[in-house]
Amino acid sequence: MNIEQHIQNLRRELRDHNYNYYVLDNPTVSDYDFDIKLKELQELETKHPEFFDANSPTQRVGGAITKNFETIVHEHRMYSLDNSYSKEDLQDWETRIKKLVDGDIQYTCELKYDGASISLTYENGLLTKAVTRGDGFQGDNVTANIKTIKSVPLQLKGDYLPKFDIRGEIVLPFDGFNKMNEERIELGEEPYRNPRNTASGSLKLQDSAEVAKRPLECLLYNLTGSNLGIRTQYESLEKARQWGFKVPDAAKLVNSIEEVLEFVEYWNVHRHDLPYETDGVVIKVNNLQQQEELGYTAKAPRWAMAYKFKAEQVSTKLNSITYQVGRTGAITPVANLEPVELAGTTVKRASLHNADQIEKLDIRVGDEVFVEKGGEIIPKIIAVDFAKRDSNSNPTLYITNCPECNTELIRQEGEAQHYCPNYNGCNPQIIGRIQHFISRKAMDIEGLGGETVALLVNEGLINNYSDLYELTKEQVMPLERMAEKSADNLVFGIDASKKIPFERVLFALGIRFVGETVAKKLAKHYKSIDVIATASEEDLVNVDEIGIKIAQSVLSFFKEEQNMLILNRLKQFGVQLEMSADQLIGQTNILQGQSIVVTGVFESISRNDLKKLIEDNGGKVSSSISSKTSYIVAGTNMGPSKKQKAEKLNISILNEYEFLQKIQ
Ligand code: AMP
Ligand code: ZN
């Protein structure tokens, strides 16, 4: 046998042992024998670098150092999940989705693992990329670290697809976590707080050899990609299992919400026997075509729902209430609590939302209160323990003036929040607006962070976002922690933001209620800031999805003289305040005022591209058929109940080619 063959055989053997041990939990050789074989392979590979393979089992020991994790844009966005807490929530969900798809719905129930989500890319059976969720649109390339996790296959088995992404959760089992902590305590180091944070912290360690020492595991739950040739979620889990992934076998296929609830009941008790932390159940529409029909909201798939196990509660004392001022001037009361352990973290603060909430709880400084932590990061105060209330306590009086600038607060009718109206003179508002302006989804100014913005404002160097464009290197150099290089980067980053497209600039302006989606709609409709600035309320509310509240906010923004001055300055500096010629290509108003439903599977165009075409031509994509529907664009597999509905309402159905012809 030649050397190369011998190396290949050893690799295959070690791969199988890894699989048996870490995926199946069923080792077939002793650790000692495994180590001997691994050493042999390592020696051969060192002697014969010509046979190097990045996916060899020897690569799992790590050693690669990553100084800066490269940012990678997800080919398919990593969404969050909507949460439900009761039977009613689940039934509501089912009612909603039944309106949108045809036929019976089956569900796959899975456990919701509490770790760090990861997206793995495989090409021709080899792991090529591992990326963290990040903000869902882009994450960090942590491939070197992920390769050290033994339950992640570096090379697949069986009849795998040529290219796909698979998503899962990196978790740290309790056993391994406790062992890590014992070692830390022995070394006199502070123990880690909880498995989840430790797992996600591990992914960002610079030294992959350190990651290799941690007993992390990777549990998989979602195949992603196009043309996967798979029909259901349940089938995709089985496939993934066959290819060598660790797919937990708790997954169960059910036919009704009642059965979902049985699954939840069962695991609510038995989750305590599992080796890892779980915080609920994830319910997914099983049929992938139905999933596609249901699609996504801005944050989460419509076809999936998390059901949270009941949150843990503790009681503690309310020490004080303080008030924070946001960038829009909104006041948020914050409860400062006697620190208390809750679900693995120390809780010191909780949001009290607004004056109504304080009144409703009748919460007073000195009270003993019940605190709960659900899925959200900020814990909630559920109630006051009235039995323990001091008889001398006084009702909480909400502040009347801004804690930062002392301006009298206002509260508009029908709104829960108090506001500081001192738009141009209240420090946290000034700073907050500029921080919003530079943020990633807005102007994305590299080299400038939130703290530096605060510093620049406090030093009197800037007072609004247009001032950024006049900053010079000489001005910022003397600032704390500013070196020549970072000053260069800052000025360069600001200059580069002049290329950011109009829709994002519009979002960056920080007009109340004008979020990313609304900014996009307005930009698309009006195409330039000058036109928006002169639009009437009536005109604005006629734009798709713009309601009276948004329209009024837009009007009042442009009524402010100060804002107009700032906009003029931005324009002078060359910031994009209208759509560029490039962006206008392919945009028409042919479909203006039309509401179009897209359904079925298409041959010549993807469903997403089709929807984009409709929007680019001024039409509106709607998800359900109603009397307002102009017509339906249907591919193959249009469901019978949709067809019936269309016939009943006398709505015409076009195939993709007829539609494409319509818009040329
Ligand atoms: P959340 O972060 O609360 O919006 O929940 C979404 C996250 O749940 C996903 O990003 C995954 O990391 C995680 N998750 C855990 N188990 C599952 C599962 N079985 N299916 C889908 N997502 C899961
Ligand atoms: Zn103020």
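Rules used throughout
Residues numbered from 1 in each chain as written. Chains lettered and ligands numbered in written order. Predicted model: local features only at pLDDT ≥ 70, side-chain atom pairs only at ≥ 80, totals over all residues. Heavy atoms only, no water. Pairing = 2+ DSSP bridges. Helix = DSSP H or I, 4+ residues; strand = E, 2+ residues; numbered from the N terminus. Contact = heavy atoms within 4.5 Å. Axes fitted to C-alpha atoms, helices over the stretch in contact; angles between N-to-C directions. Near = heavy atom within 4 Å. Polar contact = N/O pair within 3.5 Å; in protein donor to acceptor, adjacent residues only side chain to side chain. 1 Å grid on protein atoms, 1.4 Å probe; cavity = no way out; pocket = protein on both sides within 12 Å on 5 of 7 lines; lining within 4 Å. Points joined across faces, edges and corners; volume = space filled by probe spheres on them. Nonpolar A, V, L, I, M, F, W, Y, C, P; charged D, E, K, R; others polar. Buried < 20%, exposed > 50% of the residue type's maximum accessible area, 1.4 Å probe, protein only. Arc of directions from axis to C-beta. Core = buried A, V, L, I, M, F, W, Y, C linked by side-chain atoms within 4.5 Å. Donors = N, O, S within 2.8 Å, 3.2 Å for Na, K, Ca; no water. Tetrahedral: all angles 85-135°; square planar, octahedral: opposite > 155°, others 65-115°. Salt bridge = Lys/Arg side-chain N within 4 Å of Asp/Glu carboxyl O. Phe/Tyr/Trp six-rings, centres within 6.5 Å; stacked < 30°, edge-to-face > 60°.

**Q** Please explain the sheet that holds strand S9 (residues 252–254) as it appears in this structure.
**A** As a general point, the strands of a sheet are linked pairwise by backbone hydrogen bonds and lie either parallel or antiparallel. Spatially, S2-S11-S10-S3-S9 is the arrangement adopted by the five strands of the open sheet, whose pairing is mixed. At either margin of the open sheet sits one strand with a lone partner, and together these are strand S2 (83–84) and S9. Bridge analysis of strand S3 (residues 107–113) against strand S10 (residues 278–285) gives seven bridges, and the strand direction is antiparallel. Bridged to threonine 108 within S10 is lysine 284. Where helix H3 (residues 87–100) meets the sheet, it contacts S2, S3, S10 and strand S11 (304–308), and its direction lies at approximately 175° from that of S11. The sheet contacts of helix H9 (residues 257–270) involve S3, S9, S10 and S11, and relative to S3 the element is tilted by about 25°.

**Q** Can you walk me through the site of ligand 1 in this structure?
**A** With respect to spatial proximity, the complete set of residues near ligand 1 consists of Ser80, Leu81, Glu110, Leu111, Lys112, Tyr113, Ser117, Arg133, Glu169, Tyr221, Val282 and Lys284. Note that an oxygen atom of ligand 1 is positioned 3.3 Å from one of the side-chain N or O atoms of lysine 112. A distance of 2.7 Å separates an oxygen atom of ligand 1 from a polar side-chain atom of arginine 133. Of all elements in the fold, only S3 and S10 reach the threshold of two or more residues within the shell around ligand 1. Among the elements that make up the shell around ligand 1, the one with the highest residue count is S3 (four residues).

**Q** Looking at this structure, how should I read the layout of surface pockets?
**A** Empty space among the atoms becomes visible once a probe the size of a water molecule is rolled across them. The calculated volume of the second largest pocket comes to roughly 1,100 Å³. If you go around the second largest pocket, you meet 41 residues; those closest to its centre are Pro173, Gly176, Pro215, Leu216 and Glu217. When its residues are assigned to classes, the lining of the second largest pocket shows 24 nonpolar, three polar and 14 charged.

**Q** I would appreciate a short explanation of helix H17 (residues 516–526) in the present structure.
**A** What sets the pattern is the α-helix's 3.6 residues per turn: residues three or four places apart point alike. Those residues of H17 that sit buried are Val518, Ala519, Leu522, Ala523 and Tyr526. Down the axis of H17, the smallest arc covering the buried residues is 130°, so these residues share one side. Lysine 527, located one to two residues past H17, shows a positive phi value of around 70°.

**Q** Mind showing me how you'd approach unusual backbone geometry here?
**A** Glycine aside, residues mostly have negative phi angles, and peptide bonds mostly take the trans form. Although it is not a glycine, histidine 353 sits at a positive phi angle of roughly 65°. Structurally, histidine 353 is set in the loop between strand S14 (345–351) and helix H11 (355–361). On the accessibility criterion, histidine 353 (39% relative accessible area) is partly exposed. Positive phi, normally seen in glycine, also occurs at asparagine 406, with a value near 65°. Tracing the chain through its elements places asparagine 406 in the loop between strand S16 (380–384) and helix H12 (427–438). Among the residues examined, asparagine 406 registers a relative accessible area of 54% and is labelled exposed.

**Q** Is there a simple way to think about the nonpolar core in this case?
**A** Buried together is how nonpolar side chains tend to be arranged in soluble globular proteins. Leu468, Leu506 and Leu522 are the most contacted members of the largest nonpolar core, which has 56 residues in total. Looking at this core, the elements with two or more residues in it are H12, helix H13 (450–458), helix H15 (484–496), helix H16 (502–508), H17, helix H18 (529–534), helix H20 (548–559) and helix H21 (561–573). Residues contacting leucine 468, with those up to four places away along its chain left out, are Ile434, Phe437, Ile438, Ile445, Leu448, Ile462 and Ile494. Ranked by size, the runner-up nonpolar core spans 35 residues in total, among them Leu127, Ile149, Leu220 and Ile230.

**Q** Just to check I follow, could you spell out the sheet that holds strand S19 (residues 631–634) for this structure?
**A** Ordered in space as S18-S17-S19-S20, the four strands form an open sheet in which the pairing is parallel. Each edge of the open sheet is held by one strand with a lone partner, namely strand S18 (620–622) and strand S20 (653–654). In terms of strand pairing, strand S17 (residues 595–599) meets S18 through three bridges, oriented parallel. Each residue of the ladder has a partner; that of serine 595, found in S18, is lysine 620. Against the sheet, helix H23 (residues 607–616) makes contact with S17, S18 and S19, and its axis sits at roughly 170° relative to S17, the strand it touches most.

**Q** How should I be thinking about the coordination of the zinc ion (ligand 2) in this particular structure?
**A** Six octahedral donors around a metal ideally sit at 90 or 180 degrees from one another, while four tetrahedral donors ideally sit at 109.5 degrees. Taken together, the protein donors to the zinc ion (ligand 2) comprise Cys402 (SG), Cys405 (SG), Cys420 (SG) and Cys426 (SG), at separations of 2.3 Å. Of note is the zinc ion (ligand 2), whose four donor atoms meet at the metal with angles of 101 to 113° in an arrangement that counts as tetrahedral. Within one chain, the residues donating to the zinc ion (ligand 2) are spaced in sequence as C-x2-C-x14-C-x5-C.

**Q** Before we go on, may I ask you to explain the pattern of salt bridges in this structure?
**A** Once their charged atoms are close, side chains differing in charge can pair, the charge on each being opposite to the other. Counted according to the given criterion, the structure contains 31 salt bridges. Here lysine 246 and aspartate 25 are joined by a salt bridge, their closest N and O atoms 3.6 Å apart. In this pair, lysine 246 is assigned in the loop between helix H8 (233–242) and S9 and aspartate 25 in the loop between helix H1 (3–23) and helix H2 (31–47), connecting sequence segments 221 residues apart. The closest approach of N and O atoms between glutamate 217 and lysine 246, which form a salt bridge, is 3.1 Å. Here lysine 246 lies in the loop between H8 and S9 and glutamate 217 lies in strand S8 (residues 217–224), a separation of 29 residues in the sequence. You can call glutamate 217 buried: its relative accessible area is 17%. Given the relative accessible area of 7%, lysine 246 is considered buried. Here the residues in one salt-bridge network are Asp362, Arg364, Asp367 and Arg389, joined through shared partners.

**Q** Sorry, what's going on with the packing of aromatic side chains here?
**A** The description of two aromatic rings rests on the distance between their centres and on the angle between their planes. Scanning the entire structure with this criterion turns up 16 aromatic pairs. Aromatic side chains tyrosine 113 and tyrosine 276 sit 6.1 Å apart centroid to centroid with 90° between the ring planes, which places their arrangement in the edge-to-face category. With tyrosine 113 in strand S3 and tyrosine 276 in the loop between H9 and S10, this residue pair connects regions lying 163 residues apart in the sequence. As far as the burial class goes, tyrosine 113 and tyrosine 276 line up, both buried.

**Q** Where do I start with empty space enclosed by the protein in this structure?
**A** Tallied over the full model, the rule gives two cavities of 30 Å³ or more. Here the largest cavity defines a volume of roughly 120 Å³. Those elements giving two or more residues to the lining of the largest cavity turn out to be H12 and H21. A breakdown of the residues in the lining of the largest cavity according to their chemical character gives five nonpolar, five polar and one charged. Quantified by volume, the second largest cavity comes out at close to 50 Å³. Every residue along the wall of the second largest cavity is listed here: Glu110, Leu111, Tyr113, Leu220, Tyr221, Leu237, Val247, Pro248, Ala250 and Ala251. At the level of elements, S3 and S8 are the ones that each hand at least two residues to the lining of the second largest cavity.

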